[in-house]
Amino acid sequence: VLSHNLCTVLNVPHDPVALEEHFRDDDEGPVSNQGYMPYLNKFILEKVQGNFDKVEFNRMCWTLCAKKNLSKSPLLITDEDAFKVWVIFNFLSEDKYPLIIVPEEIEYFLKKLTEAMGAGWQQEQFDHYKIALNASREGLSAWELIELIGSGQFSKGMDRQTVSMAINEVFNELILDVLKQGYMLKKGHKRKNWTERWFVLKPNIISYYVSEDLKDKKGDIILDGNCCVEALPDKDGKKCLFLIKCLDKSFEISASDKKKKQEWIQAIQTTVSLLRAGSPPPHKEARQKRKELRQKLLAEHEELERQMKELQTANENKQKELETVRKQLEAAAARAAEEEKKRLQTQVELQDRFSLELEREKMVRQKMEEQVAQKSSELEQYLQRVRELEEMYKQLQEALEDEKQARQDEETVRKLQARLLEEESAKRAELEKWHLQQQQTIQMTEAEKQELENQRMIKEQALQVAMQQLEQLELERKEALEQYEEVKKKLETAANNTKSWKDKVAHHEGLIRLIEPGSKNPHLITNWGPAAFTEAELEQRQKSWKGKKTTSE
């Protein structure tokens, strides 16, 4: 009966002869060592083509095992919901027997369920559950997962209908590959009328039904990599329109609002992109990535354990080597103690021999000390001579510095004279300015005079100070003029001598004009034009001024 039902559900022709041959009787009874699994694999499962209803196949398997394994305690979910949880378990469980679902997949399933119920995910609560689970086992069996969902531990505050709808939504997505579903209006190809249909989007097809119970199917839209979807403007009183273009037909559809329209366009575009790339549905691809990640982590963990074992073995080898080295060191220490005893005996003998040599070395050292003392005395005399020479060198350096300082002082006096002349001109200009300001102040009204009296007094004081400075500058200018007169007299004398010499030359040689050499020294410039004396004469006069100043003091 089981074989016949399996063949019916899987669309495989039933071969009763092969079944009888496999379980034939002999003199000792049925051949039991063949078992049912080899027959199932060889005569049924190997002939499956994939064109069967997986849900019906799951229902048959559920019928065979549910009554025996399902918990007798009351659950908050129906038998139909328990069946869907069982099917989801088979999809998410590990590919090894006995089948279990690991904590990562449990977390993924519970998150999906919580999201479908519209509740918030309690990560802390699951972490506590995960810690308690990892402490006792690697994962849950199908019946333990059904009991966990049916206990309401992660759906507190939700009624049975909400939990049932959430389980159905997750079942449709993970098992039936339903990517999106909902009511929309579809335009007919013949009558051009708009009819409400329940649309179901799967990885390669869009099916539409009369209602959401999926009993009366009205048609399919086959999707492939050449399909496309585009938004349409509102027309014929219909809004939120979009068009699905296929190779043979195009379908105009109207969503209930703009949000639904955008969601459907995005979902269909994503499905077509996956078909073009040849990728599986998102949830299957995500499951495969999670599985590969777990395998990678497991391989890394095994590699880490292998490395730890290697390190432990290496550590044990090192301990053995250290024990061997310790024994070798103990033997070496014993040999070293024996050698030390011999060395001490030899040292005593050497000490007696070295004592005699030490006495001889003392005599030689005394002679060397006398020679060193003599050499030290000679060295001290040499160093004294060197210090005297260094002292003479320092004196010469100081003399050179004094000479440089004297030259700098001469240059300072020359610059001082030029600065005094400039200050005199500036003071004169300032006095004229203050004089003009004082005249303007006098011309003010009587009311302003009283107000500006204080300012005038301050300016008069400043004027007195400036007059004093001007008088000082005038005295200095007079001294400079006296020196200038002396230089002028000398210049006239030199000019007369030059003139008489020119006349003599002109008389003897008939020259009209002599070519005179220019001055080798640069001309000095004063506030009144080129100076009539040279820099050497100015330096000489500065020295005479300093002498007069010293004499007067």
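- For the chain, the name recorded in an unreviewed UniProt entry is Switch-associated protein 70, with Apaloderma vittatum as its organism.
- Regarding the chain, the relevant UniProt record gives this comment under Subunit (unreviewed entry): "The SWAP complex consists of NPM1, NCL, PARP1 and SWAP70."

**With respect to the overall build of the chain**
Phase 1 of the analysis: Assigned secondary structure in the chain consists of 13 helices and 11 strands.
Phase 2 of the analysis: Projected onto the principal axes, the alpha-carbon positions of the chain cover approximately 170 × 120 × 70 Å.
Phase 3 of the analysis: Here the chain holds 553 residues, and 26% of them are scored as buried.
Phase 4 of the analysis: Per element, the accessible surface of the chain, about 40300 Å² overall, is 53% carbon and sulfur.
Phase 5 of the analysis: The average position of the 89 basic charges and that of the 99 acidic charges among the side chains of the chain differ by 5 Å.

**Some details on the packing of helix 1 (residues 2–9) against helix 4 (residues 54–69)**
Each pair of packed helices gets described by two things: the angle between the helix axes and the distance between those axes.
Phase 1 of the analysis: Look at helix 1 against helix 4: their axes get within 9 Å of each other, and the N-to-C directions meet at 160°. By the criterion of interaxial angle, the relationship of helix 1 to helix 4 is roughly antiparallel. Of the two elements, helix 1 crosses helix 4, and the hand of that crossing is left-handed. In this structure, helix 1 contributes Leu2, Asn5, Leu6 and Val9 to the contact, and helix 4 contributes Glu56, Phe57, Met60 and Leu64.
Phase 2 of the analysis: The residue inventory of the contact of helix 1 with helix 4, partitioned by class, reads six nonpolar, one polar and one charged.

**Focus: the pairing of strand 5 (residues 205–209)**
Phase 1 of the analysis: Among the five residues in strand 5, five count as buried, and that is most of the element.
Phase 2 of the analysis: A two-sided burial pattern is seen for strand 5, the buried positions comprising Ile205, Ser207 and Tyr209 on one face and Ile206 and Tyr208 on the other.
Phase 3 of the analysis: Bridge count for strand 4 (residues 194–202) against strand 5 is five bridges, and the pairing is antiparallel. Across the sheet, Trp198 pairs through a bridge with Tyr209, a residue of strand 5.
Phase 4 of the analysis: Hairpin geometry of strand 4 and strand 5 is characterised by an intervening segment of two residues between the two adjacent antiparallel strands.
Phase 5 of the analysis: Sheet analysis places strand 5 next to strand 6 (residues 217–222), joined by five bridges and oriented antiparallel. Following the sheet pairing, Tyr209 is matched in strand 6 by Lys217.

**Comments concerning the sheet that holds strand 7 (residues 228–232)**
Phase 1 of the analysis: On the basis of which strands lie adjacent, the open sheet formed by seven strands has the order 6-5-4-3-9-8-7 and antiparallel pairing. The sheet is open, and its two borders are formed by strand 6 and strand 7, each paired with just one other strand. Pairwise comparison of adjacent strand axes, ignoring direction, gives a mean angle of 35° for this sheet.
Phase 2 of the analysis: Here strand 7 pairs with strand 8 (residues 241–245) via five bridges, running antiparallel. When the bridges of strand 8 are listed, Val229 appears paired with Ile244.

**Focus on the pattern of salt bridges**
Phase 1 of the analysis: Applying the stated criterion across every chain yields a total of 28 salt bridges.
Phase 2 of the analysis: Of the charged contacts in the structure, one is a salt bridge between Arg294 and Glu94, with a shortest N-O distance of 2.7 Å. With Arg294 in helix 11 (residues 282–442) and Glu94 in the loop between helix 5 (79–92) and helix 6 (103–117), this residue pair connects regions lying 200 residues apart in the sequence. For the pair formed by Arg294 and Glu94, the shared burial category is buried.

**Here we look at the UniProt feature "domain: PH" (unreviewed entry) in the chain**
Phase 1 of the analysis: With numbering aligned to this structure, UniProt lists the feature "domain: PH" (unreviewed entry) at residues 177–273.
Phase 2 of the analysis: Along residues 177–273 the backbone is 16% helical and 44% strand, and the end-to-end C-alpha distance reaches 16 Å.

**Some thoughts on a negative patch on the surface**
Phase 1 of the analysis: Taken together, the side chains of Glu390, Glu391, Glu398, Glu401 and Asp402 make up a negatively charged region of the molecular surface.
Phase 2 of the analysis: Tracing the backbone shows Asp402 in helix 11.
Phase 3 of the analysis: With relative accessibility at 53%, the residue Asp402 sits in the exposed group.

**Considering the packing of aromatic side chains**
Phase 1 of the analysis: Applying the stated criterion across every chain yields a total of 13 aromatic pairs.
Phase 2 of the analysis: Where Trp121 meets Phe154, the ring centres are 6.5 Å apart and the plane angle is 15°; that geometry is what we call stacked. With Trp121 in the loop between helix 6 and helix 7 (123–136) and Phe154 in the loop between helix 8 (142–150) and helix 9 (160–174), this pair connects stretches of sequence that are 33 residues apart.
Phase 3 of the analysis: On the basis of relative accessibility, which here comes to 25%, the residue Trp121 falls in the partly exposed class.
Phase 4 of the analysis: An aromatic cluster of three or more residues is present, and its members are Trp62, Phe83, Trp86 and Trp143.
Phase 5 of the analysis: For the cation-ring pair, Arg290 lies above Tyr108, with the distance from its terminal atom to the ring centre recorded as 3.7 Å.

**Looking at the nonpolar core**
Phase 1 of the analysis: Core analysis: the biggest nonpolar cluster contains 39 residues, and Trp62, Trp86, Ile146 and Ile149 have the highest contact counts within it.
Phase 2 of the analysis: Sorting the residues of this core by element identifies helix 4, helix 5, helix 6, helix 7, helix 8 and helix 9 as the ones contributing at least two each.
Phase 3 of the analysis: With nine residues, helix 5 is the largest single contributor of residues to this core.
Phase 4 of the analysis: Each residue touching Trp86, except ones within four places of it in the same chain, is listed here: Asn58, Cys61, Trp62, Cys65, Ala142, Trp143 and Ile146.
Phase 5 of the analysis: Membership of the second largest hydrophobic core comes to 21 residues, among which are Ile221, Trp264, Ile265 and Val272.

**Considerations on a nonpolar patch on the surface**
Phase 1 of the analysis: Taken together, the side chains of Leu304, Met308 and Leu311 define a hydrophobic patch exposed on the protein surface, amounting to about 320 Å² of accessible area.
Phase 2 of the analysis: Examined against the element boundaries, Leu304 turns out to sit in helix 11.
Phase 3 of the analysis: Given the relative accessible area of 47%, Leu304 is considered partly exposed.

**Some points on the packing of helix 5 against helix 8**
Phase 1 of the analysis: Running from amino to carboxyl end, helix 5 crosses helix 8 at an angle of 130°, the nearest separation of the two axes being 9 Å. Comparing the axis directions of helix 5 and helix 8 gives the class oblique. For the element pair helix 5 and helix 8, the recorded crossing hand is right-handed. Residues Ala82, Val85, Trp86 and Phe89 of helix 5 lie in contact with helix 8, whose contacting residues are Ala142, Trp143, Leu145, Ile146 and Ile149.

Basis of the calculations
- Residues numbered from 1 in each chain as written.
- Predicted model: local features only at pLDDT ≥ 70, side-chain atom pairs only at ≥ 80, totals over all residues.
- Heavy atoms only, no water.
- UniProt positions renumbered as here; feature names shortened; annotations may be inferred.
- Helix = DSSP H or I, 4+ residues; strand = E, 2+ residues; numbered from the N terminus.
- Buried < 20%, exposed > 50% of the residue type's maximum accessible area, 1.4 Å probe, protein only.
- Areas by Shrake-Rupley, 256 points an atom, 1.4 Å probe, with all protein chains shown as cover.
- Lys, Arg positive; Asp, Glu negative; His and termini not counted.
- Charge placed at Lys NZ, Arg CZ, Asp CG, Glu CD.
- Axes fitted to C-alpha atoms, helices over the stretch in contact; angles between N-to-C directions.
- Parallel < 35°, antiparallel > 145°, perpendicular 65-115°, else oblique.
- Left-handed = near helix turned anticlockwise from the far one by under 90°.
- Contact = heavy atoms within 4.5 Å.
- Nonpolar A, V, L, I, M, F, W, Y, C, P; charged D, E, K, R; others polar.
- Pairing = 2+ DSSP bridges.
- Salt bridge = Lys/Arg side-chain N within 4 Å of Asp/Glu carboxyl O.
- Patch = residues over 30% accessible without salt bridge, like charges linked within 9 Å, V, L, I, M, F, W, Y side chains within 5 Å.
- Phe/Tyr/Trp six-rings, centres within 6.5 Å; stacked < 30°, edge-to-face > 60°.
- Lys NZ or Arg CZ within 6 Å of the ring centre and 35° of its normal.
- Core = buried A, V, L, I, M, F, W, Y, C linked by side-chain atoms within 4.5 Å.

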